[in-house]
Every structure is written in structure tokens, then in C-alpha cells.
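Remarks on the overall topology
So you can see what is in the structure, the chains are spelled out below.
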Amino acid sequence: MSLLRTALASSPRAIVCSSYLPGVCLSHFHRAAVSRPPQHPRSPPGSPAILIGAGLGGAGLYYYLEQQSKPAPKPKPTRSALDPENFKDFKLKKIKGYNDNTSEFIFELPPDEASLLSVASFVYLKASDPEALKGPNGKPVVRPYTPISDSEQLGEITFLIKKYETGNMSKYIHSLKEGDTIAIKGPLAKFPYKENEFDHIALIGGGSGITPLYQILTHALDSPNNKTKFTLIFSNVAEKDILLREELEALKKKHADKLDLVYYLDKPSENWKGGTGYITADVIKKYVPSPELKEKLKVFICGPPPQVASIAGKKDGFKQGELGGIMKELGYNGDQVYKF
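Worth saying up front: this structure is predicted, and the values here are computed from it rather than measured. (Residues numbered from 1 in each chain as written. Predicted model: local features only at pLDDT ≥ 70, side-chain atom pairs only at ≥ 80, totals over all residues. Heavy atoms only, no water.)

**Concerning the packing of aromatic side chains**
Under the counting rule described, the total for this entry stands at ten aromatic pairs. For the pair Phe300 and Phe340, a centre-to-centre distance of 5.6 Å together with 35 degrees between the ring planes defines the contact as tilted. Residue Phe300 is located in strand β11 (residues 297-302), and its partner Phe340 is located in the segment after β12 (337-339); the two are separated by 40 residues in the primary sequence. By relative accessible area, Phe300 is classed as buried at 0%. Between Tyr338 and Phe340 the ring centres are 5.1 Å apart and the planes differ by 70 degrees, which places this aromatic pair in the edge-to-face class. In terms of burial, Tyr338 and Phe340 fall into one category: buried. Among the aromatic residues, those joined into a cluster by ring pairs are Phe191, Phe198, Phe300, Tyr338 and Phe340. Above the face of the Phe87 ring, Lys126 is positioned so that its terminal group lies 4.5 Å from the ring centre. Between Lys190 and the ring centre of Phe122, over which it is positioned, the NZ or CZ distance is 5.4 Å. (Phe/Tyr/Trp six-rings, centres within 6.5 Å; stacked < 30°, edge-to-face > 60°. Helix = DSSP H or I, 4+ residues; strand = E, 2+ residues; numbered from the N terminus. Buried < 20%, exposed > 50% of the residue type's maximum accessible area, 1.4 Å probe, protein only. Lys NZ or Arg CZ within 6 Å of the ring centre and 35° of its normal.)

**Here we look at the nonpolar core**
Formed by 32 residues in total, the largest nonpolar core has its most connected members in Leu217, Phe230, Leu248 and Phe300. Only β7 (200-206), α5 (210-221), β8 (229-236), α6 (245-254), β9 (259-265) and β11 provide two or more residues apiece to this core. Per-element tally for this core: the top contributor is α5, with seven residues. With near-sequence residues (within four places) excluded, Leu217 lies in contact with Leu203, Phe230, Leu232, Leu248, Leu251 and Leu259. (Core = buried A, V, L, I, M, F, W, Y, C linked by side-chain atoms within 4.5 Å. Contact = heavy atoms within 4.5 Å.)

Here's what the structure looks like:
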């Protein structure tokens, strides 16, 4: 009621309307109390009718003032800053270190625009200067990346990029400084995710391959209508390499009935309590539902090419390629498995 006292003290004749009493203002009550004789002389001061009216008026004013003090909802973007047909240059706004070989790279978009990536989709990155980074064929190096920022975030797009000694693009991006630019093309669709199309989705990731899987998880679990159960099996070299761990565990805490997290490490510490070693057939049999679930099961896989090949067979360039590896041995079919 402090807001009510402040409003009345500053202007006792102020006209402040109650949303509980449409069209009725407190100044009306004030003038009535000053200029009119009591309409019910037999009703003593403080009678129930007067108290109820005063209570409703005060509650209405309090509600009104509280609503006015709330921040306005953020506007939803209607335009993507990106172009799926052409590369556009964007300035590197900020670099945030993540661990010894991974950083967040935040690029600046126009303030009223967002990336507006569909799920699941990605973008291509290349050097703004076509001479700065070329492959053995003499052409500019172009690589696909999935942002970790919300697709509706205004003014920014963020990538979590791990530096690989054999990765020319990742090394180039890690050489950038704030104020430099990079060329981005997209968004480009990959798998057309539809809410509740599957009863269970298993996500198998390794290293920086977590980003497209994280995109699906955040999109799906943020929906109040989601009924799909998710299991993420995420393998890394050491505990420090578990990217987006804090965000993943926050999702787990918020959606405990819809998300299971399973970590595997190649080189665990003595105090590590999760899984150890590689993702094997036994691991998949333990955590991924049986292929007998048929069209109600989907398995998404993203990680280093050798890992993907071992689990589900090699990709054919940007095409899926034939299903192979552990998933084929265990009886899964090509429609149940998707390789990013």
C-alpha cells in the first residue's frame, strides 16, 4: 500500500482510476465526501458498506499502480539480420573465454533484428576477407556452425567455438579480436523439428557437436506443450571439456521428468562419478530406447567425424549417407537416426 499512500499524498485530487471499478475514480469519492451530505444518515461511520467500497477502491488503485510499475514486455523480432542466399559481414562485439580451448564469440546484429533460426538449422561462417583463409583448392574456407543464442535475441548472435589444431576455421576465429568482422550466411534448415512428433528423442554428442543438440533441447523444453522425453549422452575428453554443462544441468533441474543427462569421459579424474570411456554398444543399449519403438523414436548424432562414423556410419558430404556402425548393428534403421 506504500504506492497508494505516495499517490494520494502527492495529489489528493489526482484522478486515478481503478481497474476493478471501471469508470469510477478516487477523485469522485473525494469530491462526494466534501460536497454532499451523507446519503444514509443512519449508517454509522465505518459501516460494512463503506469499508467494502474503500477496500475495493484501494485494491484497485494498488493493482493499477503495480501494473504501471512493471517493465513493458520485450518486442518480438519480425526480421532476421541474416541472409540465406548471401554472406553478410558482422562485427565481433565481445569474446568470452570458456575454458583453455573454447570461447564464446558474440557478434553484433542491428538492434531491432535477430537471427530467427528455425529448429534445427545452422549458418555458414567464412572470413570477411576472401584472401584471409583459403583451403588447399584455393577457395575460401567455409564451415557450418550452430549458434547457442536464442533465435529471437535482439542485436546479437553467439557462437561457442572450440579451437582444434587441425581446424583452419576454428583457429582463424580464435585469432579474431573484438571489432573484427566475419561473414555469415543463413539460416539454413537441417532437420524440420515438429513438437511431439516423437515419444522419445536420444541425442548423442561429442565435443563441440553439442551445439545443434542444445538448440533442439532448449527449443523443445521451453514449450509448455512438450510431451517428448529426451536423453542426452555427451562424451568428452575431460571434465573441463563438457561444454554448456551449466546450461544443460539447469534444463535438467527445470525439466527433470523430460530430460536425462549422461556424461562420458575418456580421461576422468579420480573423483569423477559419471561414465568412462567411449560410447559403445552397451552404452547405447543402456540409455537409448529399443528400435522397436519404430517411428516414435529419433536419434540425433553430432560430434567429431570418427565418432559419428563409429556410432552411425560416415556421412556422405552434406548428405546422411547409409546407416552403419553401432546403430545398424543394434537394429536401428535409417529413418530413426539423423546425423548432423
